[in-house]
Amino acid sequence: MPTSSHLAATQYSCSSIYTRHYQPRHLLALQIIQQIHQLNLRPQHITRMLGYPSKHTLPACERLRHVLSSPYLGLDGSYIDGRFTAQEFLAKLFFAVQIDYETVEDDLAHIQYQLSIEADKRANTDSETDTVSSQQKCSRVELKTDYS
């Protein structure tokens with residue numbers, strides 16, 4: 001379900017050579033992309049600033065693209081690498097693009113809250129499905145015992 005921040009971010013279009021591969025789906029991603037454009041940062045420069053070794057530039061750039069195009073900034077665990085957790089990656093990214101982390105903490109907490117609500121909904125749906133499945137198994141067993 002898109003929120004207003006998702007809708008506003010999807011209306012963004014930029015033809016900058018620095019940001020043309022990113023399609024922001026969250027306002028924080030849009031803010032990061034605008035800062036990348038303003039600082040004239042290339043993805044490989046950003047990943048180097050994040051501490052990725054040169055041999056991991058391509059996967060690190062792919063993670064950067066994924067995070068900036070994700071409605072949850074990758075905080076949903078949709079992209080994992082061995083170097084950073086999702087939170088660590090974002091913290092380093094904000095530092096690299098010169099955005100004060102304290103100014104976005106509330107937005108990140110809101111994303112985490114949204115994700116926890118969705119996880120709870122999935123857990124409830126899964127438990128309801130398991131309950132129905134268990135009831136169906138029990139009724140099959142009862143039918144078998146009725147024939148004896």
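Values in this document were obtained by computation on a predicted structure and should not be read as measured data.

The rules behind the values
Residues numbered from 1 in each chain as written. Predicted model: local features only at pLDDT ≥ 70, side-chain atom pairs only at ≥ 80, totals over all residues. Heavy atoms only, no water. Helix = DSSP H or I, 4+ residues; strand = E, 2+ residues; numbered from the N terminus. Buried < 20%, exposed > 50% of the residue type's maximum accessible area, 1.4 Å probe, protein only. Areas by Shrake-Rupley, 256 points an atom, 1.4 Å probe, with all protein chains shown as cover. Arc of directions from axis to C-beta. Contact = heavy atoms within 4.5 Å. Expected span 1.5 Å × (residues − 1). Core = buried A, V, L, I, M, F, W, Y, C linked by side-chain atoms within 4.5 Å. Axes fitted to C-alpha atoms, helices over the stretch in contact; angles between N-to-C directions. Parallel < 35°, antiparallel > 145°, perpendicular 65-115°, else oblique. Nonpolar A, V, L, I, M, F, W, Y, C, P; charged D, E, K, R; others polar.

Caption draft 1: Focus on the overall build of the protein. Scanning the protein for helices and strands turns up six helices and zero strands. Taking all 148 residues of the protein together, the buried fraction comes to 34%. Summed over its atoms, the accessible surface of the protein is roughly 9600 Å², and 52% of this surface lies on carbon and sulfur atoms.

Caption draft 2: Representation of helix α5 (residues 86-96) in the model. Among all positions in α5, only Ala 86, Phe 89, Leu 90, Leu 93, Phe 94 and Ala 96 are buried. Looking straight down α5, one finds that the buried residues subtend no more than 160° of arc, so they occupy a single side. A positive phi of about 60° marks Gln 98, the residue just after α5.

Caption draft 3: Here's a closer look at the environment of Leu 90. Summarising the element assignment, Leu 90 is placed in helix α5. Taking the C-alpha atoms as reference, Leu 90 lies 9.7 Å from Leu 50; in sequence the two are 40 residues apart. In contact with Leu 90, other than residues within four places in its own chain, are Val 67, Leu 73, Leu 75 and Leu 108.

Caption draft 4: Structural view of helix α2 (residues 27-39). Between its first and last C-alpha, α2 extends 18 Å over 13 residues, near the 18 Å set by a 1.5 Å rise per residue. For α2, the complete set of buried residues consists of Leu 28, Ala 29, Leu 30, Ile 32, Ile 33, Gln 35 and Ile 36.

Caption draft 5: View of the nonpolar core. Formed by 31 residues in total, the largest nonpolar core has its most connected members in Ile 36, Leu 68, Leu 93 and Leu 108. The set of elements that each furnish at least two residues to this core consists of α2, α3 (43-50), α4 (57-69), α5 and α6 (105-146). Among the elements that line this core, the one with the most residues is α5, at six residues. If we ignore the near neighbours within four places in the chain, the residues touching Leu 93 are Ile 32, Ile 46, Leu 50, Leu 64 and Leu 68.

Caption draft 6: Region of interest: the packing of α3 against α4. As a packed pair, α3 and α4 sit with axes 9 Å apart at the nearest point and diverge in direction by 100°. Regarding the angle of α3 to α4, the classification is roughly perpendicular. Residue-level contacts link Pro 43, Gln 44, Ile 46 and Thr 47 of α3 to Thr 57, Ala 60, Cys 61 and Leu 64 of α4. In the contact of α3 with α4, the residues fall into five nonpolar, three polar and no charged.

Caption draft 7: Spotlight on the environment of Gln 114. With respect to the helices and strands, Gln 114 occurs in helix α6. Separated by 38 residues in the primary sequence, Gln 114 and Asp 76 have C-alpha atoms spaced 9.9 Å apart.

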